[in-house]
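A look at the structure
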Amino acid sequence: MDQGKIDALRGRPVNAFSHLIDGKSVPASDGGTMDVLSPIDGQVLTQIARGTAIDMETAIATARTAFEDRRWAGQPPAARKAVLLKWADLIEANALELAVLGVRDNGTEIGMALKAEPGSAVGTIRFYAEAIDKVYGEIAPTSDDVLGLIHKEPVGVVGAIVPWNFPMMIGAWKLAPALASGNSVVLKPAETASLTLLRMAELALDAGLPPGVLNVVTGEGAVVGEALGLSMNVDVLVFTGSGATGRRLMEYSARSNMKRVYLELGGKSPNIVFADAPDLAEAAKVAASGMFRNAGQVCVAASRLLVEASIHDDFVAEVVKAAEAMRVGDPLRLDTQIGAVNSGAQLEQNLRFVEIAAQEGGQIVTGGARILQETGGYFMAPTVVTGVTPEAKLAQQEVFGPVLGVTPFRTEDEAVRIANSTAYGLAGAAWTANLGRAHRMVRAVRTGVMHINTYGGPDVTVPIGGVGQSGNGADKSLHALDKYVNLKTAWIKL
Ligand code: ADP
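Residues numbered from 1 in each chain as written. Predicted model: local features only at pLDDT ≥ 70, side-chain atom pairs only at ≥ 80, totals over all residues. Heavy atoms only, no water.

**Some remarks on unusual backbone geometry**
With phi around 55 degrees, methionine 258 is a residue other than glycine that occupies positive phi space. Its place among the elements puts methionine 258 in the loop between helix 9 (243-255) and strand 11 (260-264). Under the relative-accessibility criterion, methionine 258 is labelled exposed at 68%. Here alanine 295, not a glycine, exhibits a phi torsion of approximately 50 degrees, which is positive. Take alanine 295: it is sitting in the loop between helix 10 (280-292) and strand 13 (304-308). (Helix = DSSP H or I, 4+ residues; strand = E, 2+ residues; numbered from the N terminus. Buried < 20%, exposed > 50% of the residue type's maximum accessible area, 1.4 Å probe, protein only.)

This is the structure:
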């Protein structure tokens, strides 16, 4: 990738976006719009529709009609596969344009965005497209006088609510298996990262997805997100975002039609470094990158660093060196390693966490402040706080920003106890050359993903999902298809 191509796109005017409903661009029912600010310079980038509950109801009714007339669900799996593969090709062909648009909208550094956004979305869509004509129903092991069949049917209308940190990647984790299974979808992107998902949905139409099968409604979570959650006409809700919103979605479900709700929530993932790690220099580098890429705005970020006491000081010094060497700044530069914080509100919240960490006895050994203020953008120095007790707020609550808390431990048992001492259980890692200890840690740490001697990188072949208050119902892998189908039994007397 060359910088010149990115620079040619960076200043391009961005037309205002409306909803995408029934294959058409539709403004809000009351004409409302909202400004989209770029976190790179704090300036208005464009506008999106500020959706109303009426808009959401229209989109849901459209999706329902598209499902009931079987314009998509009724197509053979191989035909759906062909459309989805075409869609992936179109996203790939427009990858740079999509990545730059996304970075201007949400601030992720472009090097990562190219891989994690269009790159990952293309791979995910291809994975489920290729899978869907290889998924069979089942014949039950019954007695001779009956035939028991288990059909997998699409559930109907899927509501998907996604966050702003990786909209295309996380969007594709939900859209690809939902659409491959034959469902219709209403997608509600985050207020501060709607643009690429709207473009992606337009490309789906170009690829031959029938109008009405994928609808996108933008606007405030508390308005259009709530209307989606409370709808009597949505069968499954899939969500990635904060625990507070996840809790609300479960309430919406209980108060409406008891739709299934799958949640991918926050984390406070422990990165556990033993003195016997095979390569401590590598571990220190990864401790920094696993925390600070995308300015820490990653649900699986390695946000709690647990270090064996005997190596603590030297190891922390290496992590600090690696953090300080990471280039923070203009996310549209290929050599930037840490882009912008997504919004002014998020930046303030990060700084508040640092303040409280200091009040609770933590030492800010690097970072802790807003930087590059003169750009008008929202940038924060990668921050390392040592002396964080397992009970401290920084050890217990998700920051979703570039703030790493470090806690020493003395024994394997103590490491496990600290690792398991939060309400979360999303990801984790252990660094050790001891095979037995590695497997013990995989078993003992309560998470959805446990890395050994690495951090990050699991691909679409494996699930990502949490235990405890990190959620339920993982994205990715063939298992994710289960969320988008109903099992139907046929019991036939012979
Ligand atoms: P974050 O704090 O990371 O922004 P949120 O959970 O607030 O996480 O946002 C994730 C997604 O949830 C966004 O698309 C947002 O608009 C949506 N959302 C926020 N509040 C609600 C709500 N009350 N009902 C439904 N969706 C919501």
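What follows picks up the thread again.
**Section: the nonpolar core**
With 115 residues, the main nonpolar core has Trp87, Leu179, Met200 and Leu214 as its most contacted residues. Sort the elements by how many residues they give to this core and helix 6 (residues 167-180) lands first, with 10 residues. Here leucine 179 is in contact with Trp72, Arg80, Leu84, Trp87, Val185, Leu209, Val213 and Leu214, once residues within four sequence places are set aside. In terms of nonpolar packing, the next biggest core, distinct from the first, is built from 20 residues, Ala59, Val157, Val186 and Leu228 among them. (Core = buried A, V, L, I, M, F, W, Y, C linked by side-chain atoms within 4.5 Å. Contact = heavy atoms within 4.5 Å.)

**A few points about the environment of phenylalanine 400**
Following the sequence through the fold, phenylalanine 400 ends up in the loop between helix 13 (393-396) and strand 18 (403-409). Overall, the relative accessible area of 18% leaves phenylalanine 400 in the buried class. For phenylalanine 400, the residues in contact, after removing those within four places along its chain, are Trp164, Asn165, Gly296, Gln297, Val298, Cys299, Gln346 and Asn350.

**Quick look at the site of the ligand**
As a matter of local geometry, the ligand sits amid 18 residues, with Val162, Lys188, Glu191, Ser242 and Thr245 nearest to it. Here glutamate 191 contributes a side-chain N or O atom positioned 2.7 Å from an oxygen atom of the ligand. Note that a nitrogen atom of the ligand is positioned 3.0 Å from one of the side-chain N or O atoms of tyrosine 252. Contact with the protein chains hides 82% of the accessible area of the ligand, taken as 550 Å² for the molecule alone. Mapped onto the shell around the ligand, the elements with two or more residues apiece are helix 8 (221-230) and helix 9. Along the lines of polarity and charge, the residues of the shell around the ligand split into 9 nonpolar, 5 polar and 4 charged. (Near = heavy atom within 4 Å. Polar contact = N/O pair within 3.5 Å; in protein donor to acceptor, adjacent residues only side chain to side chain. Areas by Shrake-Rupley, 256 points an atom, 1.4 Å probe, with all protein chains shown as cover. Nonpolar A, V, L, I, M, F, W, Y, C, P; charged D, E, K, R; others polar.)

**Digging into the pairing of strand 20 (residues 449-452)**
Inspection of the sheet shows strand 19 (residues 427-431) paired to strand 20 by 4 bridges, in the parallel sense. Bridged to glycine 428 within strand 20 is methionine 450. (Pairing = 2+ DSSP bridges.)

**Some details on the packing of helix 1 (residues 3-10) against helix 4 (residues 95-106)**
Contact geometry of helix 1 with helix 4 gives a least axis separation of 10 Å together with a crossing angle of 60 degrees. Taken together, the axis directions place helix 1 and helix 4 in an arrangement best described as oblique. Relative to helix 4, the crossing made by helix 1 is right-handed. Across from Lys5, Ile6, Leu9 and Arg10 in helix 1, the residues of helix 4 making contact are Leu96, Glu97, Val100 and Arg104. For the contact of helix 1 with helix 4, a count of residues per class yields 4 nonpolar, no polar and 4 charged. (Axes fitted to C-alpha atoms, helices over the stretch in contact; angles between N-to-C directions. Parallel < 35°, antiparallel > 145°, perpendicular 65-115°, else oblique. Left-handed = near helix turned anticlockwise from the far one by under 90°.)

These figures come from the coordinates and say nothing about function on their own.
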